[in-house]
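# Summary of the model geometry
Take a look at the letters that make up each chain.
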Amino acid sequence: MRVIKLDAIDSTNEFLKQLDVAENLENFTVVTAENQTKGKGQMGSVWDSEVGKNLVMSVLLKNIIIDVNAIFTLNIAVALAIYKALETVNIPALSIKWPNDIMSYNYKLGGILIENSLKSDGAIVSIVGVGLNVNQTNFENLPKASSMAAVSKVFHNKEQLLFLIMENLKNNINLIATRPEILWGLYSDYLFKKSVPMPFKGVDDKNFMGIIQGVSPSGKLQVLLDDDSTAAFNIKEVQLLY
C-alpha cells in the first residue's frame, strides 16, 4: 500500500484523481494531507479541518465495484471500516448517521465522500475521501461537531488510525464480493437513531415525525410515517432533526 503524505493541498480527492490519470496508480494508494484548503462533503458542502489535527485522506479503489447497483455497498464498507477503527481505540457511543457520517453520542466525528467514475471500458474507479476529526478540540459555531479527542479525553495517533482504517477496508472489500449481506447487517445495526421516533424536515421545509427502518438497496433512507406507510428518501430530500 503506497501512502503519499502532503503538507497542504486543495483537495486530496482531486489530487489523487489527477495523479492516477498521470501515473496509473496501484489499487489502495492513499493520499493524506495536514491541511486541506478545499475539502468537500456530501452534495457540495464544505468540510473545514484545523491544520495538523485531523485525519484527511483519500483512497484509490479500482474495479472494486463491477456493478453500479453496488455503489452504496462500497459506502457501507468504508463507513464500517472507520467505525471499527474507532471502536478499536475505544471511542464511545459510536453510530453511523445515514448515509455515512460517523457519530459519537449525538456529535459528528467525520464523514465520507466517494466519487465514482465509469471508464469507457466499463471499469469503475472510486476515489474515497475521508475526513475524521481526531485531535481538534475547538468547534466554535459547530454545535453538532466533535472529535475523537473531545469525546474520549485522549489524543490519538493519526497514522495508527489510517492503517487501522485501511486494514478494515480491505477486509470489508473482500466481503463486497463474497458476503455483502454481512456488511448490510452491521450497517443496519449501527444506524444512528434507528427505530426511534424522530422529527424530520422534508424538501418543502415542513417537519414530520418518523421512525428510521433501514436503508434500501439503492441507498435510500426508509422511514415509517405516522400513517404506517414507509417513505424512501434520497440524500438532501430529508433532514433528521436531533
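Predicted model, so just to flag it, every value in this text is computed and none were measured.

About the criteria used
- Residues numbered from 1 in each chain as written.
- Predicted model: local features only at pLDDT ≥ 70, side-chain atom pairs only at ≥ 80, totals over all residues.
- Heavy atoms only, no water.
- Phe/Tyr/Trp six-rings, centres within 6.5 Å; stacked < 30°, edge-to-face > 60°.
- Helix = DSSP H or I, 4+ residues; strand = E, 2+ residues; numbered from the N terminus.
- Buried < 20%, exposed > 50% of the residue type's maximum accessible area, 1.4 Å probe, protein only.
- Expected span 1.5 Å × (residues − 1).
- Axes fitted to C-alpha atoms, helices over the stretch in contact; angles between N-to-C directions.
- Parallel < 35°, antiparallel > 145°, perpendicular 65-115°, else oblique.
- Left-handed = near helix turned anticlockwise from the far one by under 90°.
- Contact = heavy atoms within 4.5 Å.
- Nonpolar A, V, L, I, M, F, W, Y, C, P; charged D, E, K, R; others polar.
- Salt bridge = Lys/Arg side-chain N within 4 Å of Asp/Glu carboxyl O.
- Polar contact = N/O pair within 3.5 Å; in protein donor to acceptor, adjacent residues only side chain to side chain.

### Here's the deal with the packing of aromatic side chains
One pass over the structure, following the stated rule, counts six aromatic pairs. Relative to Tyr187, the ring of Phe72 lies with its centre 5.9 Å away and its plane at 85°, an arrangement referred to as edge-to-face. With Phe72 in helix 2 (residues 71-88) and Tyr187 in helix 5 (residues 180-189), the pair connects residues that are 115 residues apart, well separated along the chain. Tyr187 carries the same exposure label as Phe72, and that label is buried. Where Phe192 meets Tyr242, the ring centres are 5.1 Å apart and the plane angle is 75°; that geometry is what we call edge-to-face. One end of the pair, Phe192, is in the loop between helix 5 and strand 8 (197-202); the other, Tyr242, is in the segment after strand 12 (238-240), and 50 residues separate them in sequence. Connected via pairs of aromatic rings, a cluster forms that spans Phe72, Trp184 and Tyr187.

### Quick look at helix 4 (residues 158-178)
Across its 21 residues, helix 4 extends 31 Å between first and last C-alpha, which sits within 8% of the 30 Å expected from 1.5 Å per residue. Taken residue by residue, helix 4 has Lys158, Leu161, Leu162, Leu164, Ile165, Met166, Asn168, Leu169, Asn172, Ile173 and Ile176 as its buried positions.

### Side note on the packing of helix 2 against helix 4
It is at 8 Å that the axes of helix 2 and helix 4 come closest, and there the two elements cross at 140°. Considering the angle they form, helix 2 stands oblique to helix 4. Crossing of helix 2 against helix 4: the hand is right-handed. Contact residues: Thr73, Leu74, Ala77, Val78, Leu80, Ala81, Ile82, Lys84, Ala85, Leu86 and Thr88 in helix 2; Leu161, Leu164, Ile165, Asn168, Leu169, Asn172 and Ile176 in helix 4. Of the residues that constitute the contact of helix 2 with helix 4, the class distribution is 13 nonpolar, four polar and one charged.

### What to know about the pattern of salt bridges
In this structure the tally under the stated criterion is 11 salt bridges. Between Asp20 and Lys62 there is a salt bridge whose closest N-O contact spans 2.9 Å. Taken together, the residues span a long stretch of sequence, with Asp20 in helix 1 (residues 12-23) and Lys62 in strand 3 (residues 55-62) at a distance of 42 residues. Owing to a relative accessible area of 17%, Lys62 belongs among the buried residues under this scheme. Residue Lys97 is joined to Asp101 by a salt bridge in which the shortest nitrogen-to-oxygen separation is 3.9 Å. Judged by relative accessible area, Lys97 falls into the buried class, the value being 16%. Assessed through its relative accessible area of 14%, Asp101 is described here as buried. Salt bridges linked by common partners bring Glu14, Lys17 and Glu115 together as one network.

### Describing the side chain of Ser11
With respect to the helices, strands and loops of the structure, Ser11 is situated in the loop between strand 1 (3-9) and helix 1. Side-chain polar atoms of Ser11 contact the backbone nitrogen of Asn13, separated by 3.3 Å.

The analysis is restricted to geometry; functional conclusions fall outside its scope.
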